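Descriptive structure summary
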Amino acid sequence: MTKSITIDGKIIPFEDGQTIIEAATAAGVYIPHLCHHPEFTPHGSCKLCTVTVNGRACSACTFPAMDDQEILNDTKELNDDRRRITQMLFVEGNHLCPGCEKSGNCQLQAVGYYLNMLDNHFLHFFQPRELDASHPDILVDLNRCIFCTLCVRASHRDGKDVFAISGRGINKRLIFNAESGLLKDTALDVNDQAAHICPTGAILVKRTGFTVPIGERQFDHKDISEISLEQEQGDHGR
Amino acid sequence: MADKIKVATVSLAGCFGCHMSLLDIDERLLQLADLVAFDRSPITDIKRCTECDIGLIEGGVCNSENVHTLREFRKHCKILVAVGACAINGGLPGYRNYIPLEECLSESYLDGIGVENPQIPSDPELPLLLDKVYPVHEVVKIDYFLPGCPPAADVFWKFLTDVLDGRDPSLPYELIHYD
Amino acid sequence: MKQFIQDLAEKHNNQAKQLLQILREIQSRYHYIPEQAIEQLAGLLAIPRTRIISVVEFYSFLHLAPRGHYELLISDCIADHMQDKRSLTDYLVDKLNVAVGAVREDGAVSLDNTSCTGMCDQGPAGMVNGYALTRLDRSRIDRIADLINRREPLAAWPADLFYVDDNIVRPGLLLKQPIMQGAALRSAFKRGLKETLAEIDQSGLRGRGGAGFKTAMKWAFCAGEAQSERYVVCNADEGEPGTFKDRVLLNSFAHQVFEGMTLCAVIIGARQGFLYLRGEYLHLYDQLQDILDQRRQAGLLGINILREGLDFDIDIHLGAGAYICGEESALIESLEGKAGIPRNRPPYPVTQGYLGQPTVVNNVETFFAASAIAVNGADWFAKAGTEKSQGTKILSISGDCARPGIYEYAFGTTVQTLLNECGARNVLGVQIGGPSGTFISSQEFDRKLAFEDLATGGSVIIFNESRDIFDIVHNFTHFFAHESCGFCTPCRVGTSLLKKQVNKIYEGHGSAGDVAALEEMGRLIKGYSHCGLGQTAANPVLTTLERYPELYQNKLKKISYEPGFDLDGALDIARRLAQRDDAAAHLSQVGDHD
């Protein structure tokens, strides 16, 4: 007999060792997320994938699927709170979409669209953050970093450890593995997965900008729930 | 025509792009003219707000005059709407928020390339700059937000027709953009 | 420096898990972590330099830029504030000619605030180069300033400046009868290890850190894991503001605490243990090492304990200024030489803890009580307390009372009883369990200390009627924003937003919607944060809002909206540069139309 969990009343089968988000994705149920990526160890920091499991809040990307879990996911209460969490990310960093090449392909923005987020609600921090354009092929704009650590995880797997998160609390920052502290002096190569994995516009590959016009990009007409399931179902299945 | 709703519009620290987008509703403008009367607005050139149903604010708050204007709108408009990226989070003018104002002013008026007769303007007629460009919701209470840079013409149309028809304004997925 | 770093790394076997301990020693010698040290260490420990930087930037006591030759810190706990901390800091700034957060030009001294140093019963307190300073007053500050200005080496400073009192006011079951050295282990071997675990189970002992997990169950789970390496960790990262009982237990009853750890080790089959001592208790470090040596010599620690064929030893690791390391999985990360970021759970430390191996983490007081139970039996302990909360609880009482200090009570004791005994008058309310706990009002003093009513790690701060609730909430909210590790969005961003929102109301700029906004933020941080820090960070706001809604309402202006920042202040720079001060060069905070 296959084991199953219930998400919003729908019965979802799972295998031992799967997390809730893995079981959900395989069954075609989208749970909003930013720091989760099927290829990497779950991190559980963005908290967008929070669901209620038998009445208790859990991160779907880290919590194991287990028999008899009654899970709530796509509810008004959860989505309202996820909107607030997304707004926290928007006021913490400096996300000026009209000036960003990632606009339309940005997962942070797409989650905002999905959650019907019309404004940033909170007071903006307007913290000045650095931009590093020293690398010949890659640009890092820390204004857009949301500390998902996907680049850290990807670069660790590449054996290069180019990126790390330093600092504490609201003063966290992404740092580069070079004595100069500059990206150009790290081992980062444009073919590294770490250069392409950023869900926002914090890490951009140079000379590839605006090949697809604004308005015709990934999330401009198709929402992230569809695109994410299409992309990740394959990955989870591997 | 007693039923026409009154709308006021203004551009604070914005580029009038949102206003242009409003005019982009094309032939529906004629329809709109039957339903809406414009009060203070660059469209009418009326300089002071009277009591209005809706106020549309384009642009962020960058100086003391913006604060006064925004307050005038808040006082007179039943529904105050932040229109476009600049009103919502400072937008492109907000790029100056990461440079100290001292530096901005001295580059522009004191030691920038080609500056003649260097001095920081001090005429009391001129509004003073705020240290940062602020989103409008951080200065007055805002009732509704229309994101986009600019929001598409259809966003204005959807919002205004929702209000005219007595519905809660809402935007479908295709109309929500931050760019 | 090169030789120093190399010797230091060698002393720690070039092991990356010793990174925090190594960095502490570098900071202590050079008063910062020089770039050269980072490069050299990265090579010696075979870790990316970024890992070293991220550890330095995580802990408050480590710095990338030079601090003063004398690094002075002043405890910023509410209890220190109540003892005139602010004006003393001003006096200190004046005397030493150094601003808070700065290094004096000659590099001799730096000054900063630090989170509660655990000296609330003898504050205002501070630290110099990691060593506790107590009972600061103007005359002591004069002496300290003089010593600094004369560049007197720390070792030559008069001992009375560093004197830390135990202040045991009311000993109870445990504190009255400390066990003889080795008695718990001898009893356990005599009774049988399984039987001793059953005895602890029967005693009803639950974790004394506040969460209250059954101790015997934790030990049994850990013992039941298949891996061969297991670890025992004593959590002495006593960072909850207002708590200092572990300081006293480790100062005067360390044998019994170490014996409790050893007891746990022989029961679960661990060969290595750690005491994670908060950096603020550096003054205890040497004497604790001496006690470990004594125990090794007495056959109570090390190889073949009491000739029963079991080996176990204990290392002491020092923290470096991070409240979050009191959370058990963050503590384990810190033991492994990393930033103290709480892990995802499951797996729990009992299955995958230190170095991924099964690990028991217990509070100092839990080990202290466990060894007494092994000697005196389950019934002796369980007959004190209530049905669900057996035994006694050691409390740290501070704030507005005649006799601050250590009090031991059976669970079930009312708040009123302890207020009477410590000499508290005209009490407005009591903070039970520190900032992460509950603020109770004078209507609730018949409530009981017990897991089923007022659960607490032991912090009790008393406020009399002259105190302002908003000073308390303001202090606690700033504390959490400062101590958030920043891992998850709701806590990282939320605690800073909450701080801004509390500031707005505190400074008198709150308007109608601001309390609702405060409540919503509190609910989000509590409901969505990754660990206990975030889940309790809004408690100061939420528990006082629940009890004093009218105080909050009265603090608000009778207008619908007020800007979230100082509007006129935002014109300061432009006014200065344009040299204007006319009426049009100013803004009122609220429009005349509102």
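Conventions we followed
- Residues numbered from 1 in each chain as written.
- Chains lettered and ligands numbered in written order.
- Predicted model: local features only at pLDDT ≥ 70, side-chain atom pairs only at ≥ 80, totals over all residues.
- Helix = DSSP H or I, 4+ residues; strand = E, 2+ residues; numbered from the N terminus.
- Buried ≥ 20, exposed ≤ 12 C-beta atoms within 10 Å, placed from the backbone.
- Contact = placed C-beta atoms within 7 Å.
- Nonpolar A, V, L, I, M, F, W, Y, C, P; charged D, E, K, R; others polar.
- Core = buried A, V, L, I, M, F, W, Y, C linked by C-beta atoms within 7 Å.
- Domains from an automatic or database assignment.
- Pairing = 2+ DSSP bridges.
- Axes fitted to C-alpha atoms, helices over the stretch in contact; angles between N-to-C directions.
- pLDDT = per-residue confidence, 0-100.
- Left-handed = near helix turned anticlockwise from the far one by under 90°.
- Parallel < 35°, antiparallel > 145°, perpendicular 65-115°, else oblique.

Brief notes about the overall build of chain A
The number of helices and strands found in chain A is 6 helices and 10 strands. When each of the 238 residues of chain A is scored for burial, the buried share is 51%. Across chain A, every contact between residues at least 6 apart in sequence was considered, and the portion connecting residues at least 24 apart equals 64%.

Focus: the overall build of chain B
In terms of regular secondary structure, chain B is built from 6 helices and 7 strands. Along chain B, helices and strands appear, N-terminal first, in the series β-α-α-β-β-β-α-β-α-α-β-β-α. Counting only C-alpha atoms and orienting by the principal axes, one finds that chain B spans roughly 55 × 35 × 30 Å. For chain B, the proportion of its 179 residues judged to be buried stands at 45%. Considering only intrachain contacts with a sequence separation of at least 6, the fraction spanning at least 24 residues in chain B is 77%.

Re the interface of chain A and chain C
Counting from both sides, the interface comprises 29 residues of chain A and, opposite them, 31 residues of chain C. Counting residues per element, the ones that place at least two in the side of chain A that touches chain C are helix H2 (76-92) and strand E8 (163-166) of chain A. Top element by residues in the side of chain A that touches chain C is H2(A). It accounts for 6 residues. A breakdown of the residues in the side of chain A that touches chain C according to their chemical character gives 13 nonpolar, 8 polar and 8 charged.

Description of the nonpolar core
Side chains of a nonpolar character, in soluble globular proteins, are inclined to be buried together. By size, the foremost hydrophobic cluster in this structure holds 293 residues, and its most contacted members are Ile20(A), Ile57(B), Val61(B), Val233(C), Val257(C), Cys264(C) and Ile462(C). The biggest single contributor to this core is helix H13 (residues 254-268) of chain C, with 10 residues. Beyond its immediate chain neighbours, meaning those up to four positions away, Val257(C) contacts Cys234(C), Leu249(C), Leu250(C), Val364(C), Phe367(C) and Phe368(C).

Notes on the domain arrangement of chain A
All names here are of chain A. When cut into domains, chain A gives domain 1 (3-81 + 225-237) and domain 2 (97-224). Relative to domain 2, the C-alpha centre of domain 1 lies at a distance of 24 Å. Counting residues at the interface gives 15 residues for domain 1 and 18 residues for domain 2.

A few points about the sheet that holds strand E8 (residues 272-277) of chain C
All names here are of chain C. An order of E9-E8-E7-E10 is seen for the 4 strands of this open sheet, with the pairing classed as parallel. Strands with a single pairing partner mark the edges of an open sheet, and in this sheet they are strand E9 (313-318) and strand E10 (359-363). Within this sheet the neighbouring strands show an average axis-to-axis angle of 20 degrees, counted without direction. With 6 bridges joining them, strand E7 (residues 231-236) and E8 adopt parallel strand pairing. Counterpart to Val232 in the pairing with E8 is Gly273. Along the sheet, H13 contacts E7, E8, E9 and E10; its crossing angle with E7, the most-contacted strand, is approximately 155 degrees.

Section: the interface of chain C and chain B
Between chain C and chain B, the contact holds 21 residues from the first and 21 residues from the second. When grouped by side-chain class, the residues that make up the side of chain C that touches chain B number 13 nonpolar, 5 polar and 3 charged.

Considering unusual backbone geometry
A cis amide bond links Arg345(C) to the next residue, Pro346(C), at an omega of -5 degrees. Residue Pro346(C) is joined to Pro347(C) through a cis peptide bond whose omega torsion reads 0 degrees. Structurally, the position occupied by Pro347(C) is in the loop between helix H15 (328-335) and E10. With a phi close to 70 degrees, Phe16(B) is a non-glycine residue in the positive phi region. Here Phe16(B) lies in the loop between strand E1 (5-11) and helix H1 (17-23).

With respect to the pairing of strand E3 (residues 109-114) of chain C
All names here are of chain C. For E3, the tally of buried residues reaches 5 of 6 residues, placing the bulk of the element in the interior. In the sheet, strand E1 (residues 70-75) pairs with E3 via 6 bridges, with the strands oriented parallel. Paired with Glu71 across the strands is Ser110, a residue of E3. Bridge count between strand E2 (residues 102-103) and E3: 2 bridges; the pairing is antiparallel. Its bridge partner being in E3, Ala102 is matched across the sheet by Leu111. Hairpin remark: E2 followed by E3, antiparallel, with 5 residues in the connecting loop; positive phi at Gly107, about 75 degrees.

Overview of the pairing of strand E1 (residues 3-7) of chain A
Where a strand is regular, its side chains alternate between the two sheet faces. Residue and element names in this part refer to chain A. Relative to strand E2 (residues 10-14), E1 runs antiparallel, the two sharing 5 bridges. Note that in E2 the partner of Lys3 across the bridge is Phe14. In sequence, E1 turns back onto E2 through a hairpin of 2 residues, with Asp8 there showing a positive phi of about 50 degrees. Where E1 meets strand E5 (residues 70-72), 2 bridges bridge the pair, whose relative direction is parallel. Considered in E5, the bridge of Ile7 is made with Ile71.

Details of the confidence of the model for chain B
Residues and elements named next belong to chain B. Averaged over every residue, the pLDDT of chain B is 94; residues scoring 70 or more account for 99%. At the level of individual helices and strands, chain B shows its lowest average pLDDT in helix H2 (residues 28-35), which scores 91, and its highest in strand E7 (residues 144-146), which scores 98. Reported for the predicted complex are a pTM of 0.96 and an ipTM of 0.97.

Remarks on the packing of helix H1 (residues 2-11) of chain C against helix H3 (residues 35-45) of chain C
All names here are of chain C. Packing of H1 against H3 leaves a shortest axis separation of 10 Å and a crossing angle of 35 degrees. The way H1 lies across H3 gives a crossing that is right-handed. Of the residues in H3, those touching H1 at Lys2, Ile5, Gln6 and Ala9 are Ala37, Gln40, Leu41, Leu44 and Leu45.

Concerning the sheet that holds strand E2 (residues 36-38) of chain B
Residue and element names in this part refer to chain B. Taken in spatial order, the 5 strands line up as E2-E1-E3-E5-E7 in an open sheet, and their pairing is parallel. Looking at the sheet topology across the chains shown, the edges are occupied by E2 and E7. Going from strand to strand, the sheet's axes swing by 30 degrees on average, the running direction of each strand aside. Two elements, strand E5 (residues 77-83) and E7, share 3 bridges in a ladder whose sense is parallel. Bridge pairing links Val81 to Tyr144 in E7. Helix H6 (residues 153-164) contacts E1, E2, strand E3 (52-58), E5 and E7 of the sheet and is inclined by roughly 150 degrees relative to E7.

Some words on the packing of helix H9 (residues 183-191) of chain C against helix H16 (residues 364-376) of chain C
Residue and element names in this part refer to chain C. At their nearest, the axes of H9 and H16 sit 8 Å apart, and the two run at 50 degrees to each other. When the axis of H9 is compared with that of H16, the two are oblique. Our pair here, H9 against H16, has a crossing hand that is left-handed. Mapping the contact onto sequence places Ala183, Ala184, Ser187 and Ala188 in H9 and Ser371, Ala374 and Val375 in H16. For the contact of H9 with H16, a count of residues per class yields 5 nonpolar, 2 polar and no charged.

Examining H15(C)
The element H15(C) is extensively covered by neighbouring structure, given that 8 of its 8 residues are classed as buried. Buried residues along H15(C) sit in contact with helix H2 (19-30), E7, E8, E9 and E10 of chain C.

Observations regarding helix H4 (residues 150-157) of chain A
Residues and elements named next belong to chain A. Along H4, 6 of the 8 residues are buried, which leaves the element largely enclosed by surrounding structure. Every buried residue of H4 is listed here: Leu150, Cys151, Val152, Arg153, Ala154 and Ser155. Close packing links the buried residues of H4 with E8 and strand E10 (203-205).

Digging into the environment of Ala187(A)
Along the chain, the position of Ala187(A) falls in the loop between strand E9 (173-176) and E10. On a C-alpha basis, the gap between Ala187(A) and Thr52(A) in space is 42 Å, while along the polypeptide they are 135 residues apart.

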